[in-house]
Amino acid sequence: MSSINDFLDMMPHTIYISRKTGVDDYNAPTFGSRVSYRARIKYGTKLVRSSRGEVVPVSGEMWLATTAFLNEDDRYEFERDTTVSPNSYEILMPVRIDTLPDEAGFHHIKIYFN
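What counts and what doesn't
- Residues numbered from 1 in each chain as written.
- Predicted model: local features only at pLDDT ≥ 70, side-chain atom pairs only at ≥ 80, totals over all residues.
- Heavy atoms only, no water.
- Helix = DSSP H or I, 4+ residues; strand = E, 2+ residues; numbered from the N terminus.
- Polar contact = N/O pair within 3.5 Å; in protein donor to acceptor, adjacent residues only side chain to side chain.
- 1 Å grid on protein atoms, 1.4 Å probe; cavity = no way out; pocket = protein on both sides within 12 Å on 5 of 7 lines; lining within 4 Å.
- Points joined across faces, edges and corners; volume = space filled by probe spheres on them.
- Nonpolar A, V, L, I, M, F, W, Y, C, P; charged D, E, K, R; others polar.
- Core = buried A, V, L, I, M, F, W, Y, C linked by side-chain atoms within 4.5 Å.
- Buried < 20%, exposed > 50% of the residue type's maximum accessible area, 1.4 Å probe, protein only.
- Contact = heavy atoms within 4.5 Å.
- Pairing = 2+ DSSP bridges.
- Salt bridge = Lys/Arg side-chain N within 4 Å of Asp/Glu carboxyl O.

A. Seen up close, the environment of Thr-66. Within the secondary structure, Thr-66 sits in the loop between β3 (55–64) and β4 (75–78). The spacing of Thr-66 and Ile-109 is 43 residues in sequence and 6.4 Å in space, taken between C-alpha atoms. At 3.0 Å, the side chain of Thr-66 and the backbone nitrogen of Ala-68 are in polar contact.

Below, the structure is given as structure tokens:
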């Protein structure tokens, strides 16, 4: 049986998530402070069923080492390549969020994104 450390070794990336807190006077979304999570990001096009029930293409998927409640309206940022442009973040748009269990209960989250 593998340990949680073995699982975390497969997550070399960091995702920053800002919870949506509401909208401003111009109906633009407002977000709270960023929280970092360990993640594994895999780019590759495939078809998945979205949370709205539609079959849509996605550009990748990510696994997060958390069981926190996440929403598609939250902001997901990934620092893709710091050697080219430091502090340049790619915003990932979730299409579907799955909470996956192991034998002890909820274990991690899988997100399909564009």
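B. Looking closely at the layout of surface pockets. Considered as a void within the structure, the largest pocket measures approximately 170 Å³ in volume. Along its surface, the largest pocket is lined by Phe-31, Arg-52, Glu-72, Asp-73, Asp-74, Arg-75, Ile-91, Leu-92, Met-93, Pro-94, Val-95 and Asn-114. Among the secondary structure elements, those contributing two or more residues to the lining of the largest pocket are β5 (90–92) and β6 (94–102). Broken down by class, the residue content of the lining of the largest pocket amounts to six nonpolar, one polar and five charged.

C. Seen up close, the nonpolar core. Counting 14 residues, the largest nonpolar core has Ile-15, Met-62, Leu-64 and Leu-92 as its most contacted members. Within the residue set of this core, elements represented by two or more residues are β1 (13–23), β2 (29–49), β3, β4 and β7 (105–113). In this view, Leu-64 contacts Met-11, Ile-15, Ile-17, Tyr-37, Arg-38, Ala-39, Leu-70, His-108, Ile-109 and Ile-111; residues no more than four positions away in its chain are not counted. Residues Val-48, Val-56, Val-58 and Tyr-112 belong to the second largest nonpolar core, which totals five residues.

D. Structural context of the pairing of β7. As paired elements, β3 and β7 share five bridges and run antiparallel to each other. Pairing of Glu-61 across the sheet is with Tyr-112, part of β7. As paired strands, β6 and β7 are joined by eight bridges and run antiparallel to one another. The partner of Pro-94 across the bridge, within β7, is Phe-113.

E. Summary view of the pattern of salt bridges. Applying the stated rule across the entire model yields six salt bridges. Two residues, Glu-77 and Arg-34, come together in a salt bridge whose shortest N-O distance is 3.4 Å. You can see Glu-77 sitting in strand β4 and its partner Arg-34 sitting in strand β2, a full 43 residues away along the chain. Residues joined in a network through salt bridges with shared partners are Lys-46, Glu-61 and Lys-110.

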